[in-house]
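Architecture at a glance
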Amino acid sequence: MNHFLTDTEMASLVEAIKIAEDHSSGEIRVHIDSTAEDDFAKKAFAIFRSLEMHLTKERNGVLFYVNFEQHYLTIIGDEGIHKKVKQQFWDQLHDEITSEFAKENYYKGLKDAILKTGLELKKYFPISGENINELPNDISFS
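An unreviewed UniProt entry annotates the chain as TLP18.3, Psb32 and MOLO-1 founding protein of phosphatase originating from Epilithonimonas pallida.

Below is the structure:
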């Protein structure tokens, strides 16, 4: 399925998502694509919608879409979180992840980015009352 992350690392990424979402209404997903399509941006947005990330109450879903084989990464932040952190945050995060990927630190790159995103979500979307997990935390694949 994926030789860039071990099963243990993928399980740890799911735990990182849980930690990142704690004390925030934000939602984070990771999608690993192994197809050879050439319009990855279009596919990433289609995955974002198919995972119903645009349906969170505060529009604060964040998708890390990765195709390791094709060396493609995009981060999609829904309009609620994007208005708060602006494009510069996503660009910096993208640079940090790809820097780790270049050193073959795939797990570290994703985990650090997930936790950093969680800090921003906690800052701008703190929970008030019950923290309902609107979306699954598992990694999805295509």
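Here we come to the overall build of the chain. If you tally the helices and strands in the chain, you get four helices and four strands. Along the chain direction, N to C, the helices and strands of the chain fall in the order α-β-α-β-β-α-α-β. Taking 14 Å as the expected radius of gyration for a compact globule of 142 residues, we find that the chain reaches 14 Å, a close match to that expectation. A burial count over the chain gives 47% of its 142 residues as buried. Counting 16 positive and 25 negative side-chain charges, the chain places the centres of these two groups 6 Å from one another.

Right, let's talk about the side chain of His54 for a bit. Its location among the elements puts His54 in the loop between α2 (40–50) and β2 (61–67). Those residues in contact with His54, other than ones at most four positions away along the chain, are Phe48, Arg49, Arg59 and Asp78.

It is worth spelling out the sheet that holds strand β1 (residues 27–32) at this point. Taken in spatial order, the four strands of this open sheet run β3-β2-β1-β4, and their pairing is mixed. The open sheet is flanked by β3 (72–77) and β4 (140–141), the only strands paired with a single partner. Pairing geometry for β1 and β4, over two bridges, is parallel. By the bridge assignment, His31 is partnered in β4 with Ser140.

The rules we used
Residues numbered from 1 in each chain as written. Predicted model: local features only at pLDDT ≥ 70, side-chain atom pairs only at ≥ 80, totals over all residues. Heavy atoms only, no water. Helix = DSSP H or I, 4+ residues; strand = E, 2+ residues; numbered from the N terminus. Rg over C-alpha atoms; globule rule 2.2 N^0.38 Å. Buried < 20%, exposed > 50% of the residue type's maximum accessible area, 1.4 Å probe, protein only. Lys, Arg positive; Asp, Glu negative; His and termini not counted. Charge placed at Lys NZ, Arg CZ, Asp CG, Glu CD. Contact = heavy atoms within 4.5 Å. Pairing = 2+ DSSP bridges.

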